[in-house]
Protein chains: 2
Amino acid sequence: MPKSQNRSNQGSHSRTRSDHATELAEDYVEAIAELCESLGSCRVVDLARHFEVSHVTVNRTVGRLVRDGYVKTEPYRPVELTAKGKRLAQMSSQRHAVVLKFLIALGVSQSVAEIDSEGIEHHVSKETLEAMQKFMDKNI
Amino acid sequence: MPKSQNRSNQGSHSRTRSDHATELAEDYVEAIAELCESLGSCRVVDLARHFEVSHVTVNRTVGRLVRDGYVKTEPYRPVELTAKGKRLAQMSSQRHAVVLKFLIALGVSQSVAEIDSEGIEHHVSKETLEAMQKFMDKNI
DNA sequence: ACACAAGTTTAGCATTGGCTACAATTTCAT
DNA sequence: ATGAAATTGTAGCCAATGCTAAACTTGTGT
Ligand SMILES: [Mn+2]
Ligand SMILES: [Mn+2]
Ligand SMILES: [Mn+2]
Ligand SMILES: [Mn+2]
């Protein structure tokens, strides 16, 4: 028998920890894509306002994203996504949208759904995401 | 007008960060209560096994819980909850149970629901929890 | 042209939460 | 009663993610 080709024999808490390790990357690439779309470019200050953290925190986080290949930067220039970053942004933002619409379909108010979905999205597996989608399809 | 009596005028990302700050405390008090129930007492090694981390990590985390008043310990003795810890455990474990049952009611498999609910529970507001409960009531 | 404002980076700090290696204590078996 | 095993604690390491203060670069307005 194969020696566990995927990582699915980890416990729940290990999975949650690993979700948290990728969470910031997901939120950043999503925000960078949105801000590039809406403002034409994405600056460190824009991200700082978006996440309500200091611009210094953004700077170092962006540094990790560069290290991990999601983002490219030149000194004192706006932040841009790599192809890998765009793929992650696409995936994250679709999943985020499904979770948000699902909560609203469940009867949660728009403002609370927006807040809760920001945390929940990162812990929703493919199977759960499909169940949410199916629920929305069923309920028109 | 009141100067915002609660913290609800924070953005989504701030809320998510604050959820994460209390997450470990919630999981630990929940686990301590469960282990005390099932094993008669809760030792550091039991928690290490439960969370799949080293006993040293458990030790320092328990130290923070003591500092924050959730737990009491004596050297080389099992870990016990304070009244405050029991209240948090009760609250967390109820919320966790609702989220888990909700995912199962949605059609997610038991094993995946157990994993996903471990992360999702900490980001579910009162309003969303009530919506989940209402959904389960409606669907028998 | 050049000063000032806006934006960015660097330096340096703290906390959390992970680890290994080793020391100390308690518990258990003989 | 005593030595080994299990458990707990300490020392010291690391990465991530938050901060302020200060330096540096870029871009704007006159
Ligand atoms: Mn998101
Ligand atoms: Mn998010
Ligand atoms: Mn949990
Ligand atoms: Mn989370």
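Everything numeric here is computed off the predicted structure, so don't read it as measured data.

Some details on the relation of the copies chain A and chain B
- Least-squares fitting of chain A to chain B yields an RMSD of 0.1 Å, with the transformation described by 0.0 Å of translation along the axis and a rotation of 180°. Such a combination of rotation and displacement between the chain copies is what one expects of a two-fold axis. Closest approach to the rotation axis among the C-alpha atoms of chain A is made by I120(A), whose C-alpha sits 2.6 Å away.
- The overlap is high: 100% of the interface residues of chain A also sit at the interface in chain B, so the same surface is used on both sides.

Looking at the environment of V79(A)
Residue and element names in this part refer to chain A.
- Looking at where V79 falls in the secondary structure, it is placed in the loop between β1 (71-72) and β2 (80-81).
- The spatial distance from the C-alpha of V79 to the C-alpha of A33 is 9.9 Å, given a sequence separation of 46 residues.
- Those residues in contact with V79 that lie beyond four places of it in its chain are I32, C36, C42, V44, V62, V71, K72 and T73.

A closer look at the protein's contact with DNA strand C
- In the vicinity of DNA strand C, 19 residues are found, and the nearest of them are R43(A), H55(A), N59(A), R64(B) and R77(B).
- Between DNA strand C and R43(A) there is a distance of 2.6 Å, counted from a phosphate oxygen to a side-chain nitrogen or oxygen.
- Taking R64(B), its side chain carries an N or O atom lying 2.5 Å from a phosphate oxygen of DNA strand C.
- Elements with a minimum of two residues in the surface near DNA strand C: α2 (44-51) and α3 (55-67) of chain A together with α3 (55-67) of chain B.
- Here the element with the most residues in the surface near DNA strand C is α3(B); it accounts for 5 residues.
- For the surface near DNA strand C, a count of residues per class yields 9 nonpolar, 4 polar and 6 charged.

Regarding the protein's contact with DNA strand D
- Close contacts around DNA strand D come from 19 residues, with T57(A), R64(A), R77(A), R43(B) and N59(B) the closest.
- The separation between a phosphate oxygen of DNA strand D and a polar side-chain atom of T57(A) is 2.7 Å.
- One of the side-chain nitrogen or oxygen atoms of R60(A) is found 2.7 Å away from a base oxygen of DNA strand D.
- Among the secondary structure elements, those contributing two or more residues to the surface near DNA strand D are α3 of chain A together with α2 (44-51) and α3 of chain B.
- Looking at the surface near DNA strand D, the element that brings in the most residues is α3(A), giving 5 residues.
- Residue composition of the surface near DNA strand D, by class: 9 nonpolar, 4 polar and 6 charged.

Some thoughts on unusual backbone geometry
Residue and element names in this part refer to chain A.
- For E52, which is not glycine, the phi torsion reads 55° and is therefore positive.
- Along the chain, the position of E52 falls in the loop between α2 and α3.
- The exposure class of E52 is partly exposed, given its relative accessible area of 42%.

Things to note about the coordination of the manganese ion (ligand 2)
Residues and elements named next belong to chain A.
- All of the protein donors around the manganese ion (ligand 2) are D27 (OD), D27 (OD), E118 (O), E118 (OE), E121 (OE) and H122 (NE2); their distances to the metal are 2.1 to 2.8 Å.
- What the 6 donor atoms of the manganese ion (ligand 2) show is an angle range of 50 to 175° at the metal, which sorts the shape as irregular.
- Along the chain, the residues donating to the manganese ion (ligand 2) fall in the pattern D-x90-E-x2-E-H.
- Taken as a pair, the manganese ion (ligand 2) and the manganese ion (ligand 1) show a spacing of 3.5 Å, with E121 coordinating each metal. Taken together, the residues span a long stretch of sequence, with D27 in helix α1 (residues 12-39) and H122 in the loop between α5 (110-120) and α6 (126-138) at a distance of 95 residues.

Considerations on the coordination of the manganese ion (ligand 3)
Residues and elements named next belong to chain B.
- Coordination of the manganese ion (ligand 3) by the protein is provided by D27 (OD), E118 (O), E118 (OE), E121 (OE) and H122 (NE2), with metal-donor distances spanning 2.0 to 2.3 Å.
- Here the donor residues of the manganese ion (ligand 3) are spaced in sequence according to D-x90-E-x2-E-H. Just as E118 is buried, H122 falls in that class too.

Things to note about the packing of helix α4 (residues 83-106) of chain A against α5(A)
All names here are of chain A.
- Packing of α4 against α5 leaves a shortest axis separation of 9 Å and a crossing angle of 140°. With respect to α5, the axis of α4 lies oblique. When you trace α4 past α5, the crossing you get is right-handed. Contacts between α4 and α5 involve H96, V99, L100, L103 and I104 on the former and, on the latter, Q110, A113, E114, D116, S117, E118 and I120.
- A per-class count over the contact of α4 with α5 returns 6 nonpolar, 3 polar and 3 charged.

Here's the deal with the pattern of salt bridges
- All chains considered together, the criterion is met by 12 salt bridges over all chains.
- The partner of R67(A) in a salt bridge is D68(A), with the nearest N and O atoms 2.8 Å apart.
- A relative accessible area of 32% places D68(A) in the partly exposed class.
- For the salt bridge of R15(B) with D19(B), the shortest nitrogen-to-oxygen distance reads 3.2 Å. With R15(B) and D19(B) both in helix α1 (residues 12-39), this residue pair falls 4 residues apart, about one helical turn.
- Here D19(B) falls in the buried class, since its relative accessible area comes to 10%.
- Taken together, the salt bridges that share partners define one network made up of R15(A), D19(A) and D116(B).

The rules behind these values
Residues numbered from 1 in each chain as written. Chains lettered and ligands numbered in written order. Predicted model: local features only at pLDDT ≥ 70, side-chain atom pairs only at ≥ 80, totals over all residues. Heavy atoms only, no water. Least-squares fit on C-alpha atoms with pLDDT ≥ 70 in both. Contact = heavy atoms within 4.5 Å. Helix = DSSP H or I, 4+ residues; strand = E, 2+ residues; numbered from the N terminus. Near = heavy atom within 4 Å. Polar contact = N/O pair within 3.5 Å; in protein donor to acceptor, adjacent residues only side chain to side chain. Nonpolar A, V, L, I, M, F, W, Y, C, P; charged D, E, K, R; others polar. Buried < 20%, exposed > 50% of the residue type's maximum accessible area, 1.4 Å probe, protein only. Donors = N, O, S within 2.8 Å, 3.2 Å for Na, K, Ca; no water. Tetrahedral: all angles 85-135°; square planar, octahedral: opposite > 155°, others 65-115°. Axes fitted to C-alpha atoms, helices over the stretch in contact; angles between N-to-C directions. Parallel < 35°, antiparallel > 145°, perpendicular 65-115°, else oblique. Left-handed = near helix turned anticlockwise from the far one by under 90°. Salt bridge = Lys/Arg side-chain N within 4 Å of Asp/Glu carboxyl O.

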